[in-house]
Amino acid sequence: MSEWDALWINGHLATMAPGDAAYGTIEDGAIAVSDDRIAWVGRRADLPGEAAGLAREVHDLGGCWVTPGLIDCHTHLVWGGDRAREFELRLEGASYEELAKAGGGILSTVKATRETPAEALYEAAVPRLQSLMADGVTTVEVKSGYGLDAENEAKQLSVARRQGEAFPVDVVTTFLGAHALPPEFAGNTGGYIDEVVTSMLPQAHARGLVDMVDAFCETIAFSPEETARVFDKARELDLPVKLHADQLSDLNGAALAARYGALSAEHLEWTNDAGIQAMAVAGTVAVLLPGAFYQLRETKLPPIEGFRRAGVPIAIATDCNPGSAPVFSLLLMVNMACILFRLTPEEALAGVTRNAARALGRADRLGTLEAGKQADMAVWRIDRPADLAYRIGFNPLVSRVKSGHVTRVS
Ligand code: DI6
Ligand code: FE
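What counts, and at which threshold
Counting restarts for each chain, with residues numbered from 1 along the sequence as it is written. To label them, take the chains in the order written and letter them from A, then take the ligands in the order written and number them from 1. Local features in this predicted model are restricted to residues of pLDDT 70 or higher, and side-chain atom pairs are both shown and tallied only at a pLDDT of 80 or more, whereas totals for entire chains, interfaces and linings draw on every residue. Only hydrogens and water are removed before side-chain values are computed, so all heavy atoms of the structure are retained for them. Counting from the N terminus, the helices are the DSSP runs of H or I reaching at least four residues and the strands are the DSSP runs of E reaching at least two. In what follows, a contact means two residues having at least one pair of non-hydrogen atoms within 4.5 Å. Surface accessibility in these figures is a Shrake-Rupley result with a 1.4 Å probe; residues are shielded only by whichever protein chains are displayed. By the counting scheme adopted, Arg and Lys are positive, Glu and Asp are negative, and His together with the chain ends is not counted. Taken as the charge centre is NZ of Lys, CZ of Arg, CG of Asp or CD of Glu, depending on the residue. Coordination shells were defined by N, O and S atoms within 2.8 Å of each metal, extended to 3.2 Å for Na, K and Ca; water is absent from the atom set, which can make sites look incomplete. Neighbouring residues are identified by heavy atoms, a residue being near a molecule or strand if any of them is within 4 Å of it. N or O atoms closer than or at 3.5 Å make up a polar contact, with two conditions inside protein: a donor-capable atom paired with an acceptor-capable one, and, for residues adjacent in sequence, both atoms drawn from side chains. Three classes are used, and their members are as follows: Ala, Val, Leu, Ile, Met, Phe, Trp, Tyr, Cys and Pro are nonpolar, Asp, Glu, Lys and Arg are charged, and the others, Gly among them, are polar. Working definition: a ring pair exists when centres of Phe, Tyr or Trp rings (six-membered ring for Trp) sit within 6.5 Å. Plane angles under 30 degrees give stacked, over 60 give edge-to-face, the rest tilted. Think of it as a cone above the ring: NZ of Lys or CZ of Arg counts as a charge over the ring if it is within 6 Å of the ring centre and within 35 degrees of the ring normal. Buried Ala, Val, Leu, Ile, Met, Phe, Trp, Tyr and Cys residues that are joined via side-chain atoms within 4.5 Å together make up what is termed a nonpolar core. Buried residues are those whose accessible area, probed at 1.4 Å on protein chains only, stays under 20% of the maximum for their type, while exposed residues exceed 50% and partly exposed ones sit between those limits. Note: two strands are recorded as paired if DSSP finds a minimum of 2 bridges between them. Angles shown run from 0 to 180 degrees and are taken between the N-to-C directions of axes, each axis being a line fitted to C-alpha atoms and, for helices, limited to the stretch in contact. Note on terminology: angles under 35 degrees are roughly parallel, angles over 145 are roughly antiparallel, angles of 65 to 115 are roughly perpendicular, and the others are oblique. Throughout, a crossing is termed right-handed when the near helix is turned clockwise from the far one, and left-handed when it is turned anticlockwise from it by less than a right angle. A crossover gets the label right-handed when its path from the first strand over the helix to the second runs clockwise, viewed with the strands pointing away from the viewer.

Section: the overall build of the chain
Helix and strand counts for the chain stand at 16 helices and 16 strands. If you line up the chain on its principal axes, its C-alpha atoms span 70 × 45 × 45 Å. Long-range contacts, defined as pairs at least 24 residues apart, comprise 71% of the intrachain contacts of the chain with a sequence gap of at least 6. Entry remark: accessible area of the chain is about 15700 Å², with carbon and sulfur atoms responsible for 50%. Taking the average place of the 37 positive charges on the side chains of the chain and the average place of its 54 negative ones, the gap between the two points comes to 1 Å.

Here you go:
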């Protein structure tokens, strides 16, 4: 008989695996881990013997629920400085676009990030990462985009990589060189895109710092044509793409992302029907960011019903960044996705597990509790999975399991 490293019993599983049961629920379930993988999942009654004889360690869940480790599939976690002053100005009536055009917004964070040494950037990002991990997060995507030159983009991405090595969390890095036009290229967007595609992206990729490529396709950032140039280069380098699309205006960003077979398109408040259909055909995930919607007091809702009807998978993320989304809780985003975007709790939870894994191109190993997948789990003291969406500012996490290793929360 096989001897597993560890076995969890006496609790319930929200496997989030697709199927008939809501949340992929297995009541009175059992889950076994060997090395860094899930070895067995099912009903406790179907275990092939007495629990004590099956694994070296047996954990009693005491009636808790287990979900897949949560996945935050869209963050800008590494930055210098802060934007509290901009927050005040926005409360006094300035718009996000006005501040950006006046050289504030993203460019003020670029200035601060360039001036901050790598070590200080790392230290500043640690509590942000820890805050996400405290919500049961086991995988985080981290974008560059506040360096906007070869050296500083690499600095940001290296810090993100180092965090993944130092903490029990998988960090997936995304090159976002086409995030804003740096001041030294003012009036020369084409020249900057040349720099991105001939120098910055290839260099960061050659240093092993890039898992995916993103761009900000928006009136205050880059046009669809400029975005396409970045995506052509990504394709040449065999890197998957995703896109900040249709956040503040409809530039047909979703359709552009789909045309390049993007893993995901993100924000999508202004996405039109053709974009929805194109995403459905391409299998592109819609990553919705309720924290940015809330913080910018947006009123235009993303076309949720259109995504549902077309079968576009929906993911939810924090967008953690110093400007539009100073958000450090993925559980809060699960609640906001339900309240602001009217997702069901089950859709919202799929959005931070199964569909978030897909948005990162990692659905084969992350996002559900199924045999063979990486043993990333979160254990919660809750009565039903919907409790994770229902409460605001309450964290029922009991323990976090990353690649089979347990971290107790208290
Ligand atoms: N959209 C966003 O959500 C972030 N970047 C972007 O293109 C916001 C970045 C910021 O405001 O600093
Ligand atoms: Fe973003």
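Describing the coordination of the iron ion (ligand 2)
Within the protein, H74 (NE2), H76 (NE2), H244 (NE2) and D319 (OD) serve as the donor atoms for the iron ion (ligand 2), at 2.1 to 2.2 Å. The sequence pattern describing where the donors of the iron ion (ligand 2) fall on their chain is H-x1-H-x167-H-x74-D. Residue H74 is located in the loop between β6 (70-72) and α2 (84-91), and its partner H244 is located in strand β10 (residues 242-245); the two are separated by 170 residues in the primary sequence.

Here's the deal with the site of ligand 1
Within the structure, ligand 1 sits among 14 residues, and R83, Y96, Y146, H179 and D319 are positioned closest to it. R83 is positioned with one of its side-chain polar atoms (N or O) 2.8 Å from an oxygen atom of ligand 1. Its residues placed into classes, the shell around ligand 1 shows 4 nonpolar, 8 polar and 2 charged.

Here we look at the packing of aromatic side chains
On inspection of all chains with the given rule, the structure shows 6 aromatic pairs. Centre to centre, the rings of F293 and F341 are 5.1 Å apart; their planes meet at 75 degrees, and the pair counts as edge-to-face. Linking F293 in helix α11 (residues 290-295) with F341 in the loop between α13 (330-339) and α14 (345-351), this pair joins segments that are 48 residues apart in sequence. The structure contains a cluster of three or more aromatic residues connected by ring pairs, namely F185, Y192 and F222. The ring of W79 is capped by R128, whose NZ or CZ atom sits 3.6 Å from the centre of that ring. The ring of Y122 carries the charged tip of R162 above its face, separated from the ring centre by 4.1 Å.

Concerning the environment of T353
Mapped onto the elements of the fold, T353 is located in the loop between α14 and α15 (354-359). Residues T353 and L181, spaced 172 residues apart in sequence, show a C-alpha to C-alpha distance of 33 Å. Each residue touching T353, except ones within four places of it in the same chain, is listed here: M16, P68, G69, L70, I71 and G367. A polar side-chain atom of T353 sits 2.7 Å from the main-chain carbonyl oxygen of L349.

Overview of the nonpolar core
Among the nonpolar cores identified, the biggest contains 114 residues, and C73, F175, V210, V213, L268, L288 and F307 are the most heavily contacted of them. Excluding residues within four positions of it along the chain, F175 makes contact with S144, E153, L157, V196, M200, L201, A204, V210, M212, V213 and D214. If you look at the next biggest cluster of nonpolar residues, it comprises 16 residues, including I26, I31, L61 and M377.

Some details on the sheet that holds strand β8 (residues 170-178)
Overall, parallel pairing links the 8 strands, which are arranged β6-β7-β8-β9-β10-β11-β12-β13 in an open sheet. If you trace the sheet from one side to the other, it starts and ends with β6 and β13 (314-316), each paired once. For this sheet, the mean angle separating the axes of adjacent strands, direction not counted, is 25 degrees. The sheet strands contacting helix α6 (residues 150-166) are β7 (137-143) and β8, and the helix crosses β8 at an angle near 170 degrees.

Observations concerning the packing of helix α7 (residues 189-206) against helix α8 (residues 224-236)
Direction vectors running N to C along α7 and α8 enclose 15 degrees, while the axes themselves pass 10 Å from each other. Here α7 is positioned roughly parallel relative to α8, judged by the angle of their axes. The handedness of the crossing between α7 and α8 is right-handed. Taken together, the residues of α8 that come into contact with α7 (itself represented by T189, G190, I193, D194, V196, V197, L201 and P202) are E226, R229, V230, K233 and A234. When grouped by side-chain class, the residues that make up the contact of α7 with α8 number 7 nonpolar, 2 polar and 4 charged.

What about the pairing of β8?
Taken across its 9 residues, β8 has 9 buried, putting it largely inside the fold. Bridging between β7 and β8 involves 5 bridges; their strand directions are parallel. Each residue of the ladder has a partner; that of V142, found in β8, is T173. Across 3 bridges, the pairing between β8 and strand β9 (residues 212-217) is parallel. The partner of T174 across the bridge, within β9, is M212. Following the chain from β8 across α7 to the adjacent parallel β9, one finds a crossover that is right-handed.

Nothing here speaks to function; it is all geometry.
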